[in-house]
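Letter by letter, the chains look like this.
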Amino acid sequence: MDTTPESYLDLFPLEAIVYLTPDSENVLEDIDPNKVYVLGGLVDESIHKQLTLRRAQEQCLQTARLPIREYMVRAPNARNYHCETLAINQVFDVLCTFYETRSWPAALRAGVSSGKGYVLPDTAGQ
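Please read these numbers as outputs of a predicted model, since none were measured by experiment. (Residues numbered from 1 in each chain as written. Predicted model: local features only at pLDDT ≥ 70, side-chain atom pairs only at ≥ 80, totals over all residues. Heavy atoms only, no water.)

Colleague: Run through unusual backbone geometry, naming residues and quoting values.
Modeller: Positive phi is not limited to glycine here, since cysteine 60 has a value of about 60 degrees. The residue cysteine 60 is located in the loop between helix 2 (51-58) and strand 3 (62-64) in this model. According to the relative accessible area criterion, cysteine 60 is exposed, its value standing at 61%. Here the phi dihedral of arginine 102 falls at roughly 60 degrees; this positive angle occurs in a residue that is not glycine. Summarising the element assignment, arginine 102 is placed in the loop between helix 4 (88-101) and helix 5 (104-111). (Helix = DSSP H or I, 4+ residues; strand = E, 2+ residues; numbered from the N terminus. Buried < 20%, exposed > 50% of the residue type's maximum accessible area, 1.4 Å probe, protein only.)

Colleague: If you had to explain the pairing of strand 1 (residues 17-20) to someone new, which residues and values would you point to?
Modeller: Of the two faces of strand 1, the one carrying Ile17 and Tyr19 and the one carrying Val18 and Leu20 are both buried. Pairing of strand 1 with strand 2 (residues 36-39) involves 4 bridges; the strand directions are parallel. By the bridge assignment for strand 2, isoleucine 17 is matched with valine 36. Judged from the 3 bridges that link them, strand 1 and strand 3 form a sheet pairing that is parallel. Looking at strand 3, one finds that valine 18 is bridged to glutamine 62. (Pairing = 2+ DSSP bridges.)

Colleague: Which residues make up the packing of helix 4 against helix 5, and what are the values?
Modeller: Between helix 4 and helix 5, the shortest axis-to-axis distance is 8 Å and the interhelical angle comes to 150 degrees. The pairing of helix 4 with helix 5 is recorded here as roughly antiparallel in orientation. Of the two elements, helix 4 crosses helix 5, and the hand of that crossing is right-handed. Where helix 4 approaches helix 5, its residues Gln90, Asp93, Val94, Thr97, Phe98 and Thr101 are matched on the opposing element by Trp104, Ala106, Ala107, Leu108, Ala110 and Gly111. Looking at the contact of helix 4 with helix 5 residue by residue, the classes come out as 7 nonpolar, 4 polar and 1 charged. (Axes fitted to C-alpha atoms, helices over the stretch in contact; angles between N-to-C directions. Parallel < 35°, antiparallel > 145°, perpendicular 65-115°, else oblique. Left-handed = near helix turned anticlockwise from the far one by under 90°. Contact = heavy atoms within 4.5 Å. Nonpolar A, V, L, I, M, F, W, Y, C, P; charged D, E, K, R; others polar.)

Colleague: Provide a residue-level description of the packing of aromatic side chains, including the pertinent values.
Modeller: Following the criterion strictly, the structure yields 2 aromatic pairs and no others. An angle of 70 degrees between the planes, with centres 6.3 Å apart, marks the rings of tyrosine 8 and tyrosine 19 as edge-to-face. A residue pair is termed long-range when its members are at least 10 positions apart, and tyrosine 8 in helix 1 (residues 8-11) and tyrosine 19 in strand 1 qualify at 11 residues. Ring centres 3.9 Å apart and planes at 15 degrees place the aromatic pair phenylalanine 98 and tryptophan 104 in the stacked group. (Phe/Tyr/Trp six-rings, centres within 6.5 Å; stacked < 30°, edge-to-face > 60°.)

Colleague: Any chance you could break down the pattern of salt bridges for me, citing the residues and the numbers?
Modeller: In the structure shown here, the tally under the stated rule is 4 salt bridges. Residue glutamate 70 pairs with arginine 65 through a salt bridge whose shortest N-O separation is 2.8 Å. With a shortest N-O distance of 2.8 Å, glutamate 84 and arginine 69 are connected by a salt bridge. One end of the pair, glutamate 84, is in the loop between strand 4 (73-74) and helix 4; the other, arginine 69, is in helix 3 (residues 68-71), and 15 residues separate them in sequence. For glutamate 84, a relative accessible area of 19% gives the class buried. Exposure remark for arginine 69: the relative accessible area of 44% places this residue in the partly exposed category. (Salt bridge = Lys/Arg side-chain N within 4 Å of Asp/Glu carboxyl O.)

By themselves, these observations are geometric and do not establish any function.
See below:
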């Protein structure tokens, strides 16, 4: 991993950048080695709906979201809490595990904690 103070917009062609946001309508189905995936991060106490999606749209970038809805189910919980917004380290864990296993269920199991209110169907009753 390399870090730089430069913007990803200055480092990569726009068509190669995919901005990951839970608000995207596009589902990330596979990792393309020719693409650059941007994991946005907000340091804030509250979640600002659509903020990362708007940022990506303003920059004319492709967007995608993790396939949480496609592979996971809402788990019953006392607070009726369900959230697809993950911390950067969780998204990174999901992407790394998917890259290694080529399995979305394994990747989502590795990165999406049950505290988010989603579980894999085979663990829904637990």
